[in-house]
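Okay, here's what each chain looks like letter by letter:
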Amino acid sequence: MQDRRTSSDNDQTLHNSPFFQDLPAGVLDSALAHVVTRQHPANRVILLENDWGTSVYFILNGWVKIRTYNIDGKEVTLNILGKGELFGEMAPLEEVPRSTDVITLTPTVVANMPATDFVHLVNTEPQAGIRLAKLMARRLRQLNRRLRLRESDSTSRVADILLFLADGQGKQGPSGLEIPNLPHRELSSLSGMARETVTRVLGKLEKKGMIRRDQDSLCITDIRALENLLL
């Protein structure tokens, strides 16, 4: 892990992230004055449940998963976040310990903002508070949709997970929207289905030409067809 003050490239990425975009220059400079970037390899724990929240994190590159455990001790993936997203914001706002773990899925660069600076920004800049509220609302809508689909067939549930990951995180490539080709165990935990089921459904979607996979990426080649599976 390497710590450093935000470089010009990382600083620009942070300025352009949805949470900070178009905030007044003076407000933004003050908010980012103590931000430090950190590089993490894949499978590195960034946060642990029950830790106290001293920082809020903004993803500049890479992917992380939000993890907890059920009453049987089985790992449950609650969310997967990518570039432009933030995490770790709830504990400092509520002044309580962390409620989940956060682990990198790929090599990841995050910007650490002191929790006191984040709370001050939200409390003093209305636009920041509005954007945080919209973020919470979007995550709640996504969770509600996933819960509704828990009773659906396996194809619909896998399609929903792929669309969820592509929403706001997919990169437009020459053949469609591209997302990292995450391990099937992660998609399994996120969808609540057996890994073998996820593997079988992905193979079926690929044969139908809706997705294409290589070692590092998964391309949604027919997003309309994938969306129609949820109807």
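Residues numbered from 1 in each chain as written. Predicted model: local features only at pLDDT ≥ 70, side-chain atom pairs only at ≥ 80, totals over all residues. Heavy atoms only, no water.

## A few points about the packing of helix α4 (residues 115-124) against helix α5 (residues 126-148)
Part 1 of the reasoning: Packing of α4 against α5 leaves a shortest axis separation of 5 Å and a crossing angle of 105°. Here α4 is positioned roughly perpendicular relative to α5, judged by the angle of their axes. Contact residues: Phe 118, Leu 121, Val 122 and Thr 124 in α4; Pro 126, Ala 128, Gly 129 and Leu 132 in α5.
Part 2 of the reasoning: Residues belonging to the contact of α4 with α5 are distributed by class as follows: six nonpolar, two polar and no charged. (Axes fitted to C-alpha atoms, helices over the stretch in contact; angles between N-to-C directions. Helix = DSSP H or I, 4+ residues; strand = E, 2+ residues; numbered from the N terminus. Parallel < 35°, antiparallel > 145°, perpendicular 65-115°, else oblique. Contact = heavy atoms within 4.5 Å. Nonpolar A, V, L, I, M, F, W, Y, C, P; charged D, E, K, R; others polar.)

## Notes on the sheet that holds strand β12 (residues 211-213)
Part 1 of the reasoning: If you walk across this open sheet you meet the four strands as β10-β11-β13-β12, and the pairing is antiparallel. For this open sheet the edge positions go to β10 (171-172) and β12, each flanked by a neighbour on one side alone.
Part 2 of the reasoning: Helix α6 (residues 154-166) rests against β11 (177-180), β12 and β13 (217-220) of the sheet, and its axis sits at about 95° to β11. (Pairing = 2+ DSSP bridges.)

## Topic: unusual backbone geometry
Part 1 of the reasoning: Even without a glycine there, the phi angle at Asn 43 is positive, about 65°.
Part 2 of the reasoning: The topology assignment puts Asn 43 in the loop between β2 (36-40) and β3 (45-47).
Part 3 of the reasoning: Judged by its relative accessible area of 57%, Asn 43 falls in the exposed class.
Part 4 of the reasoning: Positive phi, close to 60°, is recorded for Glu 95, a residue that is not glycine.
Part 5 of the reasoning: For Glu 95, the location among the structural elements is in the loop between α3 (90-94) and β8 (101-104).
Part 6 of the reasoning: Residue classification places Glu 95 among the exposed positions, given a relative accessible area of 66%. (Buried < 20%, exposed > 50% of the residue type's maximum accessible area, 1.4 Å probe, protein only.)

## Notes on the environment of Gln 169
Part 1 of the reasoning: Secondary-structure assignment places Gln 169 in the loop between α6 and β10.
Part 2 of the reasoning: Distance from Gln 169 to Trp 63, taken between C-alpha atoms, is 9.6 Å for residues 106 residues apart in sequence.
Part 3 of the reasoning: Filtering out sequence-adjacent residues up to four positions away, Gln 169 remains in contact with Trp 63, Gly 82, Lys 83, Glu 85 and Glu 178.

## What to know about the pairing of strand β4 (residues 55-61)
Part 1 of the reasoning: Within β4, six of the seven residues are buried, which leaves it mostly tucked inside the rest of the structure.
Part 2 of the reasoning: With six bridges joining them, β4 and strand β9 (residues 108-114) adopt antiparallel strand pairing. Directly across from Asn 61, in β9, lies its bridge partner Val 109.
Part 3 of the reasoning: The pairing of β4 with strand β7 (residues 86-87) spans two bridges and is classified as antiparallel. Looking across to β7, one finds that Tyr 57 is bridged to Phe 87.

## A closer look at the UniProt feature "domain: Cyclic nucleotide-binding" (unreviewed entry) in the protein chain
Part 1 of the reasoning: On the UniProt side, "domain: Cyclic nucleotide-binding" (unreviewed entry) is annotated at positions that read residues 19-139 here.
Part 2 of the reasoning: Here residues 19-139 is 30% helix and 34% strand, with 14 Å between the C-alpha atoms at its ends. (UniProt positions renumbered as here; feature names shortened; annotations may be inferred.)

## Quick word on the pattern of salt bridges
Part 1 of the reasoning: A complete count under the given rule lists 10 salt bridges for this structure.
Part 2 of the reasoning: The salt bridge partner of Glu 75 is Lys 65, with a shortest N-O separation of 2.6 Å. Taken together, the positions of Glu 75 in strand β6 (residues 75-81) and Lys 65 in strand β5 (residues 64-69) put the pair 10 residues apart, joining distant regions of the chain.
Part 3 of the reasoning: We note a salt bridge from Arg 67 to Asp 101, for which the minimum N-O separation is 2.9 Å. Remark: Asp 101 occurs in strand β8 and Arg 67 occurs in strand β5; sequence separation between them is 34 residues.
Part 4 of the reasoning: For Arg 67, a relative accessible area of 14% translates into the label buried.
Part 5 of the reasoning: Relative accessible area serves as the criterion here: at 5%, Asp 101 is assigned to the buried category.
Part 6 of the reasoning: A cluster of three or more residues bridged by salt bridges with shared partners is formed by Lys 65, Arg 67, Glu 75, Asp 101, Arg 185 and Glu 186. (Salt bridge = Lys/Arg side-chain N within 4 Å of Asp/Glu carboxyl O.)

## Some remarks on the nonpolar core
Part 1 of the reasoning: Formed by 27 residues in total, the largest nonpolar core has its most connected members in Val 158, Leu 162, Leu 165, Leu 202, Leu 205 and Leu 226.
Part 2 of the reasoning: Mapped onto this core, the elements with two or more residues apiece are α6, β11, α7 (184-191), α8 (195-207), β13 and α9 (223-228).
Part 3 of the reasoning: Sort the elements by how many residues they give to this core and α6 lands first, with eight residues.
Part 4 of the reasoning: Setting aside residues no more than four positions away along its own chain, Val 158 makes contact with Met 193, Val 198, Val 201, Leu 202 and Leu 205.
Part 5 of the reasoning: Formed by 21 residues, the second largest nonpolar core is a distinct cluster that contains Phe 20, Leu 86, Met 113 and Leu 132. (Core = buried A, V, L, I, M, F, W, Y, C linked by side-chain atoms within 4.5 Å.)

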